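Here are the chains, one letter per residue:
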Amino acid sequence: MRLDKWLWAARFFKTRSLASSEVDGGHVELNGERAKPAKQIRVGDELRIRMHQTSYVVHVRGLSERRGPAHEARLLYEETEASLRERERLAEQRRLAPTPAYEEGGRPTKRDRRDMSRVKRRY
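As the structure is a prediction and not an experimental result, all values here were calculated from the model.

A. Just the pattern of salt bridges, in detail. Scanning the entire structure with this criterion turns up 11 salt bridges. Across the pair D4 and R16 runs a salt bridge, and its minimum N-O distance is 3.8 Å. Placement of the pair is D4 in helix α1 (residues 3–9) and R16 in helix α2 (residues 16–24), with a sequence separation of 12 residues. A residue is classified by how much of its surface remains accessible, and D4, at 3% relative accessible area, is buried. Taking the relative accessible area as the measure of exposure, R16 reaches 33% and is therefore partly exposed. Among the ionic pairs, R95 bridges to E92, the shortest N-O distance being 2.7 Å. Of the two residues, R95 and E92 are both situated in helix α4 (residues 81–96); the distance of three residues between them amounts to about one turn of the helix.

Right under this line is the structure:
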(Lines give C-alpha, C1' and ligand atoms only; values in the text may rest on other atoms or scores of the structure.)
Protein backbone atom coordinates (compact mmCIF):
# COMPACT_ATOMS: atom_id res chain seq x y z
CA MET A 1 0.00 0.00 0.00
CA ARG A 2 1.20 3.54 -0.77
CA LEU A 3 2.50 5.57 2.17
CA ASP A 4 0.41 8.66 1.43
CA LYS A 5 -2.75 6.58 1.09
CA TRP A 6 -2.10 4.83 4.41
CA LEU A 7 -1.51 8.15 6.20
CA TRP A 8 -4.81 9.41 4.83
CA ALA A 9 -6.67 6.21 5.79
CA ALA A 10 -5.15 6.27 9.30
CA ARG A 11 -6.43 9.86 9.65
CA PHE A 12 -3.09 11.55 10.21
CA PHE A 13 -3.91 13.93 7.35
CA LYS A 14 -7.26 15.15 6.05
CA THR A 15 -6.53 14.65 2.35
CA ARG A 16 -4.24 12.44 0.31
CA SER A 17 -2.67 15.44 -1.38
CA LEU A 18 -1.84 16.96 2.02
CA ALA A 19 -0.33 13.62 3.12
CA SER A 20 1.67 13.47 -0.10
CA SER A 21 3.02 17.01 0.30
CA GLU A 22 4.04 16.32 3.92
CA VAL A 23 5.91 13.18 2.86
CA ASP A 24 7.62 15.15 0.08
CA GLY A 25 8.52 17.85 2.61
CA GLY A 26 10.41 15.33 4.73
CA HIS A 27 7.96 15.30 7.64
CA VAL A 28 7.46 11.53 7.44
CA GLU A 29 10.19 8.90 7.83
CA LEU A 30 9.75 5.21 7.08
CA ASN A 31 12.00 2.88 9.08
CA GLY A 32 14.37 5.76 9.87
CA GLU A 33 14.75 6.95 6.28
CA ARG A 34 13.10 9.71 4.29
CA ALA A 35 10.42 8.27 2.01
CA LYS A 36 8.46 9.22 -1.08
CA PRO A 37 4.63 9.26 -1.19
CA ALA A 38 4.45 6.18 -3.44
CA LYS A 39 6.70 4.09 -1.17
CA GLN A 40 5.07 0.75 -0.35
CA ILE A 41 4.53 0.09 3.34
CA ARG A 42 3.90 -3.21 5.09
CA VAL A 43 2.64 -4.33 8.47
CA GLY A 44 5.40 -3.91 11.04
CA ASP A 45 7.02 -0.83 9.48
CA GLU A 46 7.90 2.07 11.77
CA LEU A 47 6.82 5.61 10.84
CA ARG A 48 7.95 8.90 12.36
CA ILE A 49 5.40 11.61 11.57
CA ARG A 50 6.01 15.29 12.44
CA MET A 51 2.96 17.53 12.45
CA HIS A 52 3.10 21.11 13.75
CA GLN A 53 4.84 20.83 17.15
CA THR A 54 4.10 17.16 17.76
CA SER A 55 5.89 14.04 16.62
CA TYR A 56 4.40 10.54 16.41
CA VAL A 57 6.35 7.29 16.25
CA VAL A 58 3.98 4.51 15.20
CA HIS A 59 4.16 0.90 14.07
CA VAL A 60 1.90 -0.14 11.20
CA ARG A 61 -0.54 -2.82 12.43
CA GLY A 62 -2.93 -2.94 9.49
CA LEU A 63 -3.65 -1.68 5.98
CA SER A 64 -6.87 -0.17 4.68
CA GLU A 65 -7.85 0.94 1.19
CA ARG A 66 -10.58 3.23 2.50
CA ARG A 67 -10.77 6.00 5.08
CA GLY A 68 -13.08 4.79 7.80
CA PRO A 69 -14.22 6.17 11.14
CA ALA A 70 -11.66 7.22 13.74
CA HIS A 71 -12.08 4.10 15.88
CA GLU A 72 -11.23 1.93 12.85
CA ALA A 73 -8.30 4.16 11.90
CA ARG A 74 -6.75 3.71 15.36
CA LEU A 75 -6.55 -0.03 14.70
CA LEU A 76 -4.21 0.56 11.74
CA TYR A 77 -1.30 1.66 13.95
CA GLU A 78 0.15 1.42 17.44
CA GLU A 79 1.99 4.39 18.89
CA THR A 80 5.16 3.63 20.83
CA GLU A 81 5.16 4.26 24.57
CA ALA A 82 8.09 6.70 24.34
CA SER A 83 6.32 8.73 21.66
CA LEU A 84 3.15 8.93 23.74
CA ARG A 85 5.05 10.07 26.85
CA GLU A 86 6.96 12.71 24.85
CA ARG A 87 3.76 14.11 23.34
CA GLU A 88 2.15 14.30 26.79
CA ARG A 89 5.24 16.05 28.19
CA LEU A 90 5.22 18.63 25.40
CA ALA A 91 1.48 19.21 25.81
CA GLU A 92 2.02 19.86 29.52
CA GLN A 93 4.83 22.32 28.72
CA ARG A 94 2.60 24.21 26.28
CA ARG A 95 -0.21 24.27 28.82
CA LEU A 96 2.03 25.73 31.53
CA ALA A 97 3.83 28.21 29.25
CA PRO A 98 2.83 31.84 29.71
CA THR A 99 0.64 33.25 26.99
CA PRO A 100 2.30 35.93 24.87
CA ALA A 101 0.84 39.33 25.64
CA TYR A 102 1.49 42.99 25.03
CA GLU A 103 3.93 44.06 27.74
CA GLU A 104 2.35 47.45 28.37
CA GLY A 105 -0.97 45.83 29.27
CA GLY A 106 -3.90 45.72 26.90
CA ARG A 107 -4.07 46.71 23.29
CA PRO A 108 -1.37 49.08 21.98
CA THR A 109 -2.52 52.62 21.33
CA LYS A 110 -2.10 54.38 18.01
CA ARG A 111 0.96 56.16 19.39
CA ASP A 112 2.46 52.84 20.58
CA ARG A 113 1.94 51.29 17.14
CA ARG A 114 3.62 54.24 15.45
CA ASP A 115 6.59 53.93 17.82
CA MET A 116 6.85 50.20 17.11
CA SER A 117 6.72 50.70 13.35
CA ARG A 118 9.37 53.45 13.62
CA VAL A 119 11.69 51.05 15.42
CA LYS A 120 11.02 48.27 12.88
CA ARG A 121 11.85 50.57 9.94
CA ARG A 122 15.28 51.33 11.39
CA TYR A 123 16.33 47.66 11.19
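B. Representation of the side chain of T80 within the structure. As for its placement among the helices and strands, T80 is situated in the loop between β5 (77–79) and α4. Discounting residues that sit within four places of it in the chain, T80 has contacts with V57 and H59.

C. Seen up close, the pairing of strand β3 (residues 46–51). The alternating pattern of β3 places L47, I49 and M51 on a buried face, while none of E46, R48 and R50, on the opposite face, is buried. In the sheet, strand β1 (residues 28–30) pairs with β3 via three bridges, with the strands oriented antiparallel. Each residue of the ladder has a partner; that of E29, found in β3, is R48. As judged from the six bridges shared by β3 and strand β4 (residues 54–60), these two strands associate in the antiparallel manner. Within the sheet, the bridge partner assigned to E46 lies in β4 and is H59. Here β3 folds back onto β4 in antiparallel fashion, the turn holding two residues, of which H52 has a positive phi close to 55°.

About the thresholds
- Residues numbered from 1 in each chain as written.
- Predicted model: local features only at pLDDT ≥ 70, side-chain atom pairs only at ≥ 80, totals over all residues.
- Heavy atoms only, no water.
- Salt bridge = Lys/Arg side-chain N within 4 Å of Asp/Glu carboxyl O.
- Helix = DSSP H or I, 4+ residues; strand = E, 2+ residues; numbered from the N terminus.
- Buried < 20%, exposed > 50% of the residue type's maximum accessible area, 1.4 Å probe, protein only.
- Contact = heavy atoms within 4.5 Å.
- Pairing = 2+ DSSP bridges.

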